[in-house]
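# Observations on the three-dimensional arrangement
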Amino acid sequence: MEVENIQTEDRFMIYNVMGKSIMVETELNKEFRFICPIEECGEFIEIWGIIKMVSLEEYKRVLKETLEEHAEFEAIKTLTPTPLIFEGTVNGKKVKLPAESVQSLAKRFIDTFLNL
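This write-up is about the structure you can find in this document. Everything numeric in this text was worked out from a predicted model, so none of it was measured.

About the criteria used
Residues numbered from 1 in each chain as written. Predicted model: local features only at pLDDT ≥ 70, side-chain atom pairs only at ≥ 80, totals over all residues. Heavy atoms only, no water. Helix = DSSP H or I, 4+ residues; strand = E, 2+ residues; numbered from the N terminus. Buried < 20%, exposed > 50% of the residue type's maximum accessible area, 1.4 Å probe, protein only. Contact = heavy atoms within 4.5 Å. Areas by Shrake-Rupley, 256 points an atom, 1.4 Å probe, with all protein chains shown as cover. Patch = residues over 30% accessible without salt bridge, like charges linked within 9 Å, V, L, I, M, F, W, Y side chains within 5 Å. Salt bridge = Lys/Arg side-chain N within 4 Å of Asp/Glu carboxyl O. Disulfide = S-S within 2.5 Å. Core = buried A, V, L, I, M, F, W, Y, C linked by side-chain atoms within 4.5 Å.

## Re the overall build of the protein chain
Per the secondary structure count, the protein chain includes four helices and six strands. Going residue by residue from the N terminus, the α and β elements of the protein chain occur as α-β-β-β-α-β-α-β-β-α. Each of the 116 residues in the protein chain was classed as buried or not, and the buried ones make up 40%. Summarising the internal contacts of the protein chain: among those between residues at least 6 apart in sequence, 54% fall at separations of at least 24. A total accessible area of about 7,100 Å² is found for the protein chain, and carbon and sulfur atoms account for 55% of it.

## Observations regarding a nonpolar patch on the surface
On the surface, a cluster of nonpolar side chains totalling about 270 Å² of accessible area is made up of Ile35, Ile38 and Phe44. For Ile38, a relative accessible area of 52% gives the class exposed.

## Structural notes on the state of the cysteines
Under the counting rule described, the total for this entry stands at one disulfide. Covalently, Cys36 is tied to Cys41 through a disulfide, its sulfur atoms 1.7 Å apart. Sign of the S-S torsion, about 90° for the bond between Cys36 and Cys41, identifies this disulfide as right-handed. As far as the burial class goes, Cys36 and Cys41 line up, both buried.

## Some thoughts on the nonpolar core
It is characteristic of soluble globular proteins that their nonpolar side chains tend to be buried jointly. With 19 residues, the main nonpolar core has Ile14, Ile47, Ile51 and Phe86 as its most contacted residues. Those elements that provide at least two residues to this core are strand E1 (11-17), strand E2 (20-25), strand E3 (32-36), strand E4 (45-53), strand E5 (84-90) and strand E6 (93-101). Residues Tyr59, Val62, Leu63 and Leu67 belong to the second largest nonpolar core, which totals six residues.

Structural data, given as structure tokens:
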């Protein structure tokens with residue numbers, strides 16, 4: 001995804017939010033708060049922070065930490081999006097988590113499906 005296109009994105013996937021993938025509606029580099037109630041997520045989740053573009057090295061480090069914590073996210077190892085992370089808190093705990101624009105996710109899904 002080209003950098004100028006990412007500036008217009010308003011939906012992002014955040015990976016490993018208490019072991020879940022969560023879609024949020026926000027703008028790049030804009031602080032947001034998202035609450036997922038027990039009825040929707042199986043547990044109360046409050047996310048507060050920003051999604052930002054980082055260096056490829058920082059993105060790879062955050063991705064590696066996520067995979068070490070939760071091996072079930074192995075599929076995101078193949079991500080080749082603009083290097084985005086969520087930085088903030090999940091239920092008050094400071095975190096850095098890999099993120100991806102929903103547009104990039106959709107393209108990756110379609111490319112995978114077409115290559116089956």
